[in-house]
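What follows is each chain in one-letter form.
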Amino acid sequence: MLVAGLAFVSPCFLAVLNSVKTLPEIVRSPTALPERLAVENYEYVFTGVQLAGPMVNSLLMCAAVIGCLVTVAPMAAWSLMRRRMAAGRGLRLLFLAGLTVPFQIIMVPLLQEFRLMGIQFTYLALLLHHVSWGLPLCIFIYSGFMASIPKEIEEAAAIDGCGPIATYWRIVFPLLTPCTVTVVIFWGLWIWNDFMQAFIIMGSAKGQLVFVQLWRFLSDQYVKNWNYIFAGVVVLSVPVTVLYVAMQRRFVKGLTAGALK
């Protein structure tokens, strides 16, 4: 266990260590301590690599996708689990089938569809893709947790005069907080760290998201300033690390919720 932990922590340590070193120091010895703290590397991340704008774009994309998922997915899961529909089981299987389709299979048809819709290489196309890609897993997570919520709670709310909408927003949705936290963390990490799908759907010219922008800097064949690249990686790791550390307990609870039902 200790060896496995060191295998995961050592790359992070090397990234932080080399982010405060000059390029000659990195070339000479990547594992040695720096002679001085080169904090100008972090300044260049925002002035030279220009990550500030893409960071804002990625944060807005995360907020938009997560907002759509935590609004639509629990509603769909509640309807599938509580309403008696003849096609309910078939719809659940249809959503589960969406978890088995790799992105590489639908990549070309998806781009053609966006082109026909006139939204190719736009943020709207990336938003629609992330939302549709995340709905099957989110509905699966919410459905598993919702199976553990007693129906008597909703029946009591109905006796007190709550309609379906009031029952959902006032009673059911607050009880889904562990699952909502899981969705926020999981898809926040996924969208923030995403490079391949953002690069393919947005294109290299218009894909102003964080890791696409960092790739532009890294792909310059004449410039390999690893000190700036390490500093950029550290900066981009901070938001998601803080998010996970702050909400990790509820994240684990949300993943295991409903497992024993």
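For the structure, check the block above.
Residues numbered from 1 in each chain as written. Predicted model: local features only at pLDDT ≥ 70, side-chain atom pairs only at ≥ 80, totals over all residues. Heavy atoms only, no water.

Caption draft 1: Focus on the packing of aromatic side chains. A full pass over the atoms with the stated rule returns eleven aromatic pairs. Centre to centre, the rings of Tyr168 and Trp169 are 4.9 Å apart; their planes meet at 80 degrees, and the pair counts as edge-to-face. Residue classification places Trp169 among the partly exposed positions, given a relative accessible area of 39%. Ring centres 5.5 Å apart and planes at 80 degrees place the aromatic pair Phe186 and Trp187 in the edge-to-face group. An aromatic cluster is defined as three or more aromatic residues linked by ring pairs; in this entry it consists of Trp78, Tyr168, Trp169 and Phe173. (Phe/Tyr/Trp six-rings, centres within 6.5 Å; stacked < 30°, edge-to-face > 60°. Buried < 20%, exposed > 50% of the residue type's maximum accessible area, 1.4 Å probe, protein only.)

Caption draft 2: The arrangement of the environment of Val39 in detail. Along the chain, Val39 falls in the loop between α2 (23-28) and α3 (40-47). Under the relative-accessibility criterion, Val39 is labelled partly exposed at 49%. (Helix = DSSP H or I, 4+ residues; strand = E, 2+ residues; numbered from the N terminus.)

Caption draft 3: Highlighting the layout of surface pockets. By volume, the largest pocket amounts to about 330 Å³. Around the largest pocket, the lining residues are Pro11, Cys12, Ala15, Val16, Leu189, Asn193, Val233, Val234, Ser237, Val238, Val240 and Thr241. Its residues placed into classes, the lining of the largest pocket shows nine nonpolar, three polar and no charged. If you add up the space inside the second largest pocket, you get close to 280 Å³. When contributions to the lining of the second largest pocket are tallied by element, the ones reaching two or more residues are α4 (52-82), α8 (151-159) and α9 (164-175). (1 Å grid on protein atoms, 1.4 Å probe; cavity = no way out; pocket = protein on both sides within 12 Å on 5 of 7 lines; lining within 4 Å. Points joined across faces, edges and corners; volume = space filled by probe spheres on them. Nonpolar A, V, L, I, M, F, W, Y, C, P; charged D, E, K, R; others polar.)

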